[in-house]
Amino acid sequence: MKYQLPIKKTLLASALALAALSLVGCQAEGDISESGGITGGSSGGASSGGTGGGLLPNDGSVETSITEGGTPLAGNFICTAGAKAYGPSPTTEVVVNGLVGSAVSDLLNLLGATSVTALLNSVQGKELVVDGNLDTAASYNLTVGLLGGLISSIDLLVGLNGTAPIGKYAVFGLSFPTGTVELSLLQSVNITTFLGTTEQETVSVDATSIDLLGQVTTGAPNAFIGMKVTKPYNSVSISLTPTAISADIGEAMKVHELCTDGNFVAAP
């Protein structure tokens, strides 16, 4: 009996030590995205032959369409940094027609209150594009009453707290509901960088030019789309320009994250 107390103390000390290590691990993991790192992106999503489940794999298996100065870059992209690499409070705003600044306000003034409300509701969870987590996503929703007339594209504008220099990335991790792809409702996805209100660079990707349809059998198609920048930027927009629709189709595209840095691996 005289040895029970030391043994209990030893066990208690060990348990406390393990708990402390676990807490440090959780804190470290939680801090990754807050400093601009990337979490989530579990393997086994649509592009790697799994069930998808709304996740965007970050293991080099995702279809990639990224250019540098207009030249396509080879390989598949792995996202290593997000918007918070340039400060803790990036902004997100739903806009239209690739416009920024006063041009947006001028257009909104021409729209009726119903159209403005529909526009603001067309992108759900926009803040999830800058949370550093590839397992979350903003969702673009298409309604027949929103598109047409004065509105040709629905855009999500991300503002950084600083300036991304030449050689960094403006890349979005995306996933597309299978029905949207099968019905060929996506005309193009445009990504445009800005420095202030001055347009810097833009890339337009026709949804049919990347292998979205070929991924349908393995789940919701995924893609990394964007550019390695040749000009600095402090905001970037992603625009969805659908074909004409005759009925509300709901969710058309998920935007998981803005990636400001990354690397490439050989496509599997």
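For the structure, check the block above.
Let us look at the structure shown here.

Cut-offs applied
- Note that residues are indexed from 1 along each chain, following the sequence as it is written.
- Local features in this predicted model are restricted to residues whose pLDDT is 70 or higher, and side-chain atom pairs enter the listing and the counts only when it is 80 or higher, whereas totals over whole chains, interfaces and linings include all residues.
- Side-chain metrics rest on all non-hydrogen atoms present in the structure, leaving aside hydrogens and water.
- Starting at the N terminus, helices and strands are each numbered in turn, a helix being any DSSP run of H or I of at least four residues and a strand any DSSP run of E of at least two.
- Exposed residues in this analysis have more than 50% of their type's maximum accessible area, buried residues have under 20%, and partly exposed residues fall in between, with area computed by a 1.4 Å probe over protein chains only.
- Should any heavy atoms of two residues lie within 4.5 Å, those residues are considered in contact.
- What makes a nonpolar core is a set of buried Ala, Val, Leu, Ile, Met, Phe, Trp, Tyr and Cys residues whose side-chain atoms join them at distances within 4.5 Å.
- Aromatic contacts are taken between Phe, Tyr and Trp rings whose centres are within 6.5 Å, Trp giving its six-membered ring; a plane angle under 30 degrees counts as stacked, one over 60 as edge-to-face, and the others as tilted.
- For two strands to count as paired, DSSP must find a minimum of two bridges between them.
- Pairs of cysteine sulfur atoms within 2.5 Å are identified as disulfides in what follows.

## Some points on the overall build of the chain
Here is step 1 of the chain: A count of helices and strands for the chain gives four helices and 13 strands.
Here is step 2 of the chain: Looking at the chain as a whole, 45% of its 268 residues qualify as buried.
Here is step 3 of the chain: Taking the intrachain contacts of the chain between residues at least 6 apart in sequence as the baseline, contacts between residues at least 24 apart amount to 78%.

## Focus on the nonpolar core
Here is step 1 of the chain: If you look at the biggest cluster of nonpolar residues, it comprises 34 residues, and the most contacted ones within it are Tyr140, Phe172, Leu174, Ile238 and Met253.
Here is step 2 of the chain: Elements with a minimum of two residues in this core: strand E6 (138–142), strand E7 (154–164), strand E8 (169–175), strand E9 (186–195), strand E10 (198–206), strand E11 (222–228), strand E12 (233–242) and strand E13 (250–265).
Here is step 3 of the chain: Broken down by element, this core gets its largest block of residues, five residues, from E7.

## Thoughts on the packing of aromatic side chains
Here is step 1 of the chain: Summed over the entire model, instances satisfying the criterion amount to four aromatic pairs.
Here is step 2 of the chain: Where Phe77 meets Tyr169, the ring centres are 5.3 Å apart and the plane angle is 55 degrees; that geometry is what we call tilted. Of this pair, Phe77 sits in strand E3 (residues 76–82) while Tyr169 is found in strand E8, placing the two residues 92 residues apart along the sequence.
Here is step 3 of the chain: Between Tyr169 and Phe264, the aromatic rings sit 6.1 Å apart at their centres with planes inclined by 50 degrees, giving tilted as the arrangement. On the criterion of sequence distance, the pair formed by Tyr169 in strand E8 and Phe264 in strand E13 is long-range, its members being 95 residues apart.
Here is step 4 of the chain: Under the relative-accessibility criterion, Tyr169 is labelled buried at 6%.
Here is step 5 of the chain: Ring-pair connections join several aromatic residues into one group, and the members of that group are Phe77, Tyr169, Phe224 and Phe264.

## What to know about the pairing of E6
Here is step 1 of the chain: In terms of burial, E6 is a largely internal element, five of the five residues being buried.
Here is step 2 of the chain: Where burial is concerned, the two faces of E6 agree: the one with Ala138, Tyr140 and Leu142 and the one with Ser139 and Asn141 are both buried.
Here is step 3 of the chain: Inspection of the sheet shows strand E5 (residues 123–124) paired to E6 by two bridges, in the antiparallel sense. Bridging across to E6, Val123 finds its partner in Tyr140.

## Some points on the state of the cysteines
Note on terminology: a disulfide is the covalent bond linking the sulfur atoms of two cysteines.
Here is step 1 of the chain: Per the stated rule, a full pass over the model turns up one disulfide.
Here is step 2 of the chain: In this model Cys79 forms its disulfide with Cys259; the gap between the sulfur atoms is 2.2 Å. Measuring the twist about the S-S bond at about -115 degrees, one finds the Cys79-Cys259 disulfide to be left-handed. Of this pair, Cys79 sits in strand E3 while Cys259 sits in strand E13, placing them 180 residues apart in sequence.
Here is step 3 of the chain: By relative accessible area, Cys259 is classed as buried at 0%.

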